Amino acid sequence: MTKKQKRLLARILVAAALLTLSMTLPVAAIIKAALAGIGYVVVGYDILKKAAIGIINMRALDENFLMAVATIGAIAIAVFQKSGDFFEAVAVMLFYQIGELFQSYATYKSRKSIASLMDIRPDYANLLVDGKMEKRSPETIEVGTEIIVCPGERIPIDGIVTDGFSDLDMTALTGESLPKSVVVGDEVISGSINMTGVLTIKTLKAFNDSAVSRILKLVESSAAHKAKSERFISKFAKVYTPAVCILSLMIAVLIPAINIIIGNAANFGAWIYRALTMLVISCPCALVLSIPLSFFAGLGGAGREGILIKGANYIESLAKIDAVVFDKTGTLTKGSFEVSKVYSAGLEKEKLLEYAAIAESASSHPIAKSLINAFGKDIDRNRIGSLEESAGEGVRASIDGKDVLVGNERFMQRFGILCEPCESFKASVYVALDGVYLGCIEISDTIKSESKAAIAALKRMGIKNITMLTGDKKEVADKIAKELGIDHALSELLPHQKMECLEEILKESLGRVAFVGDGINDAPSLMRADIGIAMGGVGSDAAIEAADTVLMEDNPLKVAKAIRISQKCMKIVKQNIVFALFIKIASIILAAAGIADMWLAVFADVGVMVIAVLNAIRALDTKKV
Amino acid sequence: MENTYKIEVDCANCANLMEETANKVEGVKMATVNFMFQKMVVEFEEGFEPKDVMKKVLKACKKVEPDCEIEL
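A quick note: this is a predicted structure, and the numbers were derived from the prediction, not measured.

Definitions and cut-offs
- Residues numbered from 1 in each chain as written.
- Chains lettered and ligands numbered in written order.
- Predicted model: local features only at pLDDT ≥ 70, side-chain atom pairs only at ≥ 80, totals over all residues.
- Heavy atoms only, no water.
- Buried < 20%, exposed > 50% of the residue type's maximum accessible area, 1.4 Å probe, protein only.
- Helix = DSSP H or I, 4+ residues; strand = E, 2+ residues; numbered from the N terminus.
- Pairing = 2+ DSSP bridges.
- Axes fitted to C-alpha atoms, helices over the stretch in contact; angles between N-to-C directions.
- Parallel < 35°, antiparallel > 145°, perpendicular 65-115°, else oblique.
- Contact = heavy atoms within 4.5 Å.
- Nonpolar A, V, L, I, M, F, W, Y, C, P; charged D, E, K, R; others polar.
- Buried area = accessible area lost by both parts, 1.4 Å probe.
- Salt bridge = Lys/Arg side-chain N within 4 Å of Asp/Glu carboxyl O.
- Polar contact = N/O pair within 3.5 Å; in protein donor to acceptor, adjacent residues only side chain to side chain.
- Phe/Tyr/Trp six-rings, centres within 6.5 Å; stacked < 30°, edge-to-face > 60°.
- Lys NZ or Arg CZ within 6 Å of the ring centre and 35° of its normal.
- Core = buried A, V, L, I, M, F, W, Y, C linked by side-chain atoms within 4.5 Å.
- Expected span 1.5 Å × (residues − 1).
- Bend = angle between axes of the 7 residues up to and from the residue.

A. Examining the pairing of strand β5 (residues 166–169) of chain A more closely. Residues and elements named next belong to chain A. On β5, burial follows the alternation: Ser166 and Leu168 on one face are buried, whereas Asp167 and Asp169 on the facing-out side are not. Across three bridges, the pairing between β5 and strand β6 (residues 180–182) is antiparallel. Residue pairing in the sheet places Asp167 in a bridge with Ser181 of β6. Bridging between β5 and strand β8 (residues 193–194) involves two bridges; their strand directions are antiparallel. By the bridge assignment, Asp169 is partnered in β8 with Ile193.

Structure, rendered in structure tokens:
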């Protein structure tokens, strides 16, 4: 608890004690009244003070003023009518303050616990100075410095491991509980927790450019984006309070007046009392508090899963998504060329790959790289006698004295080699040895292992309109789309055509459209879509700037999760709005009818708030969503 | 020019009042108060000194919500 909260608690306890004493001690009525009165002042003085300030500043109709009028009015009635309602008025103030304390405490605790989930800020970096380890502020560490991260510590700056090996806990960043192993040469990002071994890391970025800073900036700036429902509630509260006040004024004055006119007893007392009770109910606290809290919990819960949503308004949009457009390369596929299959006409596949890799070892072409990577072993360049590269076709090399041809179909035809064509729509590399066809190596852009599940998850949620956009060949795109279960694949698109496709989908869609991409060229589409989702965490700056939601991991499954989290959050928000409104309106009717007294009114108010806050916190629970 | 300030405000309604009040202050192009984050994001009009504007914002906010604080 904060100091203010502790003081309020003390005041509440003292007042409660005084009130109980005044109700139970067998002393003169005057003393009872005095005890209760002191209790009232103890617990309510700041409300009265704020009410007075409000009147002076011409801002009368706030809850302080209402409570002050309601309770003082009730006390006045009780004094004039010599009824026990005096104690009730005091109890009302007491209860109201209990409600305020609970609201303050619940908000404070929620805010702290949610914020701590998103708190990945490292406080220091370890620097080796003259053989001793010293703690430094991460902002002061220059790029290229070697820092040490001990087990249990958080990596403060993005860098590359130069010594040591360990497992990293990425939970705070991505929500993945599986530790990531790192060895010398691996890049590591700030915010991850070093688990097992001491790591020496050479920083690749400055602290302000590291993942941690960028994520924290995203989280901070999400504070400026309010949801439509939040704005609606604020506007509503502004209208609701004066409306109920006027209503209660009418009840206090009009109805007795009508009574007099038609010849009944005015019954001022009863009606004023009812009016005062309504004033108590007119406080929209529960509503105004629980809605932002729900969104805050939603944002925090998503953050825990490695989904950074840039504002509450995007949660609203995400929940309404009924069409998703995926960019292919880098989003659904890994974006790098890899050897996917080796078809051999007889020779061991390993050998086939070896010849191809050696022949291409001098080339920097991505296909060459993929061959070298797939081969995996060191290449002894001495085995190469001669090397002749034909651009766009292939390589002819003498390896171990043998004549090796590595290239495409056209290249092979030139030398009169007959090959069995691999599936024609992937990049195929054919290999021949001394004029004999050896086989074919298929190189493709590998589909991410989670892509199929990602699409299935979206379909399960009822999102049928899924489109894949790519600049690739039609056959490649169609095959991938079929494998993943995507119904619409638009291929051979130039960048501006991708935008046009997106525009079409936007026009036709009833709900919101999401675009998922990762590269620099995706930025326009990310901005144009209703929701732009950038993949790959803190990789591509342009994409992150343009996007509304950032997925920390390259995992397309998180798209479905982001939508589900948002839907759950919106459900909670709607539940709270409906519940609070219902109780409030019911209370007003009951109060006007004289069925509810002030006790009940305040009780209902506090009760609604408790329930609304507890419900709001449910948005935090995103693990199983 | 846009700045983010740490604020202290106890109730959600008061936060809304602060936001309304801040938006009426001269030199403030747009102000957003986020109660949950306890942050106020202020976009300033051209030609106004943020420090001066914020002093006025704080004064105005204190009038509507005496308990509020803005870390300038």
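B. Quick peek at the packing of helix α9 (residues 285–304) of chain A against helix α20 (residues 557–593) of chain A. Residue and element names in this part refer to chain A. α20 packs onto α9 with a crossing angle of 170° between their chain directions and a minimal axis gap of 10 Å. Judged by the angle between their axes, α9 and α20 are roughly antiparallel. Residues Leu287, Ser290, Ile291, Ser294, Phe295, Gly298 and Ala302 of α9 form the contact with α20, whose own contacting residues are Ile565, Cys569, Met570, Ile572, Val573, Asn576, Ile577, Ala580 and Leu581. When its residues are assigned to classes, the contact of α9 with α20 shows twelve nonpolar, four polar and no charged.

C. Fine view of the environment of A:Val43. Residue placement: A:Val43 occurs in helix α2 (residues 29–56). Separated by 47 residues in sequence, A:Val43 and A:Val90 have C-alpha atoms that sit 8.9 Å apart.

D. Just the interface of chain A and chain B, in detail. Contacts between the two partners involve 26 residues from chain A and, on the opposite side, 24 residues from chain B. Of the roughly 2300 Å² buried between chain A and chain B on both sides combined, carbon and sulfur atoms contribute 56%. Taken together, the links from chain A to chain B amount to two salt bridges. At the boundary of chain A and chain B, one finds five residue pairs in polar contact (both at pLDDT 80 or more). When contributions to the side of chain A that touches chain B are tallied by element, the ones reaching two or more residues are α2, α4 (85–117), α6 (211–221), α7 (228–261) and α9 of chain A. In terms of residues, the side of chain A that touches chain B owes the most to one element, α9(A), which gives six residues. Considering only residue class, the side of chain A that touches chain B consists of twelve nonpolar, six polar and eight charged.

E. Structural view of the packing of aromatic side chains. Inspection of every chain in the model, using the stated rule, returns five aromatic pairs over all chains. Seen from their ring centres, A:Phe296 and B:Phe37 are 4.7 Å apart, and the 85° between their planes marks the pair as edge-to-face. In this pair, A:Phe296 is assigned in helix α9 and B:Phe37 in the loop between β2 (28–34) and β3 (39–44), connecting two distinct chains. One aromatic cluster is present, built from ring pairs that chain together A:Phe232, A:Phe236 and A:Tyr240. The ring of B:Phe35 carries the charged tip of A:Arg111 above its face, separated from the ring centre by 5.1 Å. The ring of A:Tyr124 has A:Lys135 sitting right over it, with the charged end atom 4.5 Å from the ring centre.

F. Focus on the nonpolar core. Within the largest apolar cluster, 120 residues are counted, with the highest numbers of intra-cluster contacts made by A:Phe295, A:Phe326, A:Leu458, B:Met18, B:Met40, B:Val57 and B:Ile70. Ranked by residue count, the leading element in this core is α9(A), at twelve residues. Those residues within four positions of B:Met18 in sequence are excluded, and the remaining contacts are B:Ile7, B:Val9, B:Val33, B:Met40, B:Cys61, B:Cys68 and B:Ile70. If you look at the next biggest cluster of nonpolar residues, it comprises 45 residues, including A:Val43, A:Ala70, A:Ile75 and A:Val90.

G. Representation of the sheet that holds strand β1 (residues 125–129) of chain A. An order of β2-β1-β3-β9-β4-β7 (chain A) is seen for the six strands of this open sheet, with the pairing classed as antiparallel. Both outer strands of the open sheet, β2 (132–136) and β7 (187–188) of chain A, are each paired with one neighbouring strand and no more.

H. Region of interest: the side chain of A:Thr467. Positionally, A:Thr467 belongs in strand β18 (residues 465–469). Non-local contacts of A:Thr467, meaning those with residues more than four positions away in its chain, are made with A:Val324, A:Val325, A:Phe326, A:Ile486, A:His488, A:Leu490 and A:Ile505.

I. The arrangement of unusual backbone geometry in detail. Residues and elements named next belong to chain A. A positive phi angle, near 50°, is found at Asp434, a position not held by glycine. Along the chain, Asp434 falls in the loop between β16 (427–433) and β17 (436–447). Of the residues examined, Asp434 reaches a relative accessible area of 46% and is grouped as partly exposed.

J. Just the pattern of salt bridges, in detail. This model, assessed by the stated rule, comprises 19 salt bridges over all chains. Taking the shortest distance from any N to any O, the salt bridge between B:Glu19 and A:Lys226 comes out at 2.5 Å. Residue B:Glu19 is found in helix α1 (residues 12–24), and its partner A:Lys226 is found in the loop between α6 and α7; the two belong to separate chains. Both residues of the pair, B:Glu19 and A:Lys226, belong to the buried class.

K. Region of the structure containing the side chain of A:Ser22. Residues and elements named next belong to chain A. Along the chain, Ser22 falls in helix α1 (residues 3–24). Under the relative-accessibility criterion, Ser22 is labelled buried at 0%. Of the polar contacts made by the side chain of Ser22, one reaches the backbone oxygen of Leu19; its length is 2.8 Å. In this view, Ser22 contacts Lys32, Leu35, Ala36 and Phe87; residues no more than four positions away in its chain are not counted.

L. Geometry of α7(A). All names here are of chain A. Relative to the 50 Å expected for 34 residues at 1.5 Å per residue, α7 spans 47 Å between its end C-alpha atoms, a close match to the ideal helical length. Taking the largest bend as the criterion, α7 deviates by roughly 30°, centred on Ile251. Phi for Gly263, located one or two positions after α7, is positive at around 95°.

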